[in-house]
Amino acid sequence: MNEITIFTDGACKGNPGPGGWGALLVAGDNEKELFGGENNTTNNRMELMAVIQALSALKRPCQITIHTDSKYVLKGFTEWLAGWKANGWRTAAKAPVKNVDLWQALDAAQSQHQITWCWVKGHSGDAGNERADQLANRGVESL
């Protein structure tokens, strides 16, 4: 299995407002930059979209380490997702899961991969996170 390191970030100018997502994929000496934006969105949706787009860009099953500064994405995937699915996409309080369309897309995109998650503090000098942040801002600017 190929080993891939992915750095993701989302940005939003207003919440909701215009937003962008960015992802940096690193495999050995090879790098790929991805970014995009949406006009009326939220920061959490852009954080999720960054991971979805990064995973969707991979053409075969991979062993992946995802670096994110989003505790929402990290906890959602590692702690809450299984329960949401078991409860018919409802929270423990029986409320509908927010951003369910993107959580379902992320669940589908990750199914063939082995993923390790790493949380990094945003805007703290982590080179990969800083590049993902720049890409997310390019996504906003591309609108």
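In this report, we go over the structure that sits alongside the text. Numbers given to residues run from 1 along each chain, matching the order in which its sequence is written. Local features in this predicted model are restricted to residues of pLDDT 70 or higher, and side-chain atom pairs are both shown and tallied only at a pLDDT of 80 or more, whereas totals for entire chains, interfaces and linings draw on every residue. As a rule here, side-chain values cover all heavy atoms of the structure and leave hydrogens and water aside.

To continue, consider the overall build of the protein. The helix and strand labels rest on DSSP assignments: H or I over at least four residues marks a helix, E over at least two residues marks a strand, and numbering proceeds from the N terminus. Looking only at helices and strands, the protein features 4 helices and 5 strands. Going from the N terminus to the C terminus, the protein shows its helices and strands as β-β-β-α-β-α-α-β-α. In terms of C-alpha radius of gyration, the protein reaches 15 Å, essentially the compact-globule figure of 15 Å for 143 residues. Taken along the three principal axes of its C-alpha coordinates, the protein extends 45 × 40 × 25 Å. In the protein, buried positions account for 46% of the 143 residues. A contact between two residues is defined here by any heavy atoms of the two lying within 4.5 Å. Excluding contacts between residues fewer than 6 apart, the proportion of contacts in the protein whose partners are at least 24 apart in sequence is 66%. When the accessible area of the protein is evaluated, it comes to approximately 7,400 Å², of which 47% is carbon and sulfur surface. Radius of gyration means the value over C-alpha atoms here, while the globule rule gives 2.2 Å times the residue count to the 0.38 power. Only protein chains enter the calculation, and the probe is 1.4 Å; a residue is then buried if its accessible area is under 20% of its type maximum, exposed if over 50%, and partly exposed in between. Note on areas: Shrake-Rupley with a 1.4 Å probe; residue coverage comes only from the protein chains shown.

Approximately 240 Å³ is the volume found for the largest pocket. The definitions used throughout rest on a 1 Å grid laid over the protein atoms alone, on which a cavity is an enclosed set of points accommodating a 1.4 Å probe that cannot get out and a pocket is an open set flanked by protein within 12 Å on both sides along at least five of seven lines; lining residues are those having an atom within 4 Å of a point. Along the wall of the largest pocket there are 13 residues; nearest its centre are Ile4, Leu25, Lys32, Ala57 and Leu58. Taken together, the elements giving at least two residues each to the lining of the largest pocket come down to strand S1 (2–12), strand S2 (17–27) and strand S3 (30–41). Amino acids are sorted into nonpolar (Ala, Val, Leu, Ile, Met, Phe, Trp, Tyr, Cys and Pro), charged (Asp, Glu, Lys and Arg) and polar (every other residue, Gly among them). Its residues placed into classes, the lining of the largest pocket shows 7 nonpolar, 2 polar and 4 charged. Grid points are joined across faces, edges and corners, and a volume is the space filled by probe spheres set on the points.

Our next topic: the nonpolar core. Only buried residues count toward a nonpolar core, which is a set of Ala, Val, Leu, Ile, Met, Phe, Trp, Tyr and Cys residues joined through side-chain atoms within 4.5 Å. Ranked by size, the top nonpolar core spans 31 residues in total, and within it Ile6, Leu25, Leu55, Leu58, Ile64, Trp103 and Leu106 carry the most contacts. Breaking this core down by element, the ones donating at least two residues are S1, S2, helix H1 (43–56), strand S4 (62–68), helix H2 (71–86) and helix H3 (100–110). Sorting elements by how many residues they give to this core places H1 first, with 8 residues. Within the second largest apolar cluster, 5 residues are counted, among which are Phe7, Leu24, Ala132 and Leu135.

Once that is clear, we can look at the side chain of Arg45. Summarising the element assignment, Arg45 is placed in helix H1. N or O atoms closer than or at 3.5 Å make up a polar contact, with two conditions inside protein: a donor-capable atom paired with an acceptor-capable one, and, for residues adjacent in sequence, both atoms drawn from side chains. At 3.1 Å, the side chain of Arg45 forms a polar contact with the side chain of Asn99. The contact partners of Arg45, leaving out residues within four places of it in the chain, are Asn99, Asp101 and Leu102.

What follows deals with the pairing of S4. Burial analysis of S4 places 5 of its 7 residues in the buried class, the great majority of the element. The pairing criterion for strands is at least two bridges between them, as found by DSSP. Across 7 bridges, the pairing between S1 and S4 is parallel. Within the sheet, the bridge partner assigned to Phe7 lies in S4 and is His67.

Inspection of the secondary structure assignment puts Arg138 in helix H4 (residues 127–141). Using a relative accessible area of 38% as the deciding quantity, one classes Arg138 as partly exposed. Taking C-alpha positions, Arg138 is 26 Å from Asp107, a pair spaced 31 residues apart along the chain. Filtering out sequence-adjacent residues up to four positions away, Arg138 remains in contact with Glu33 and Phe35.

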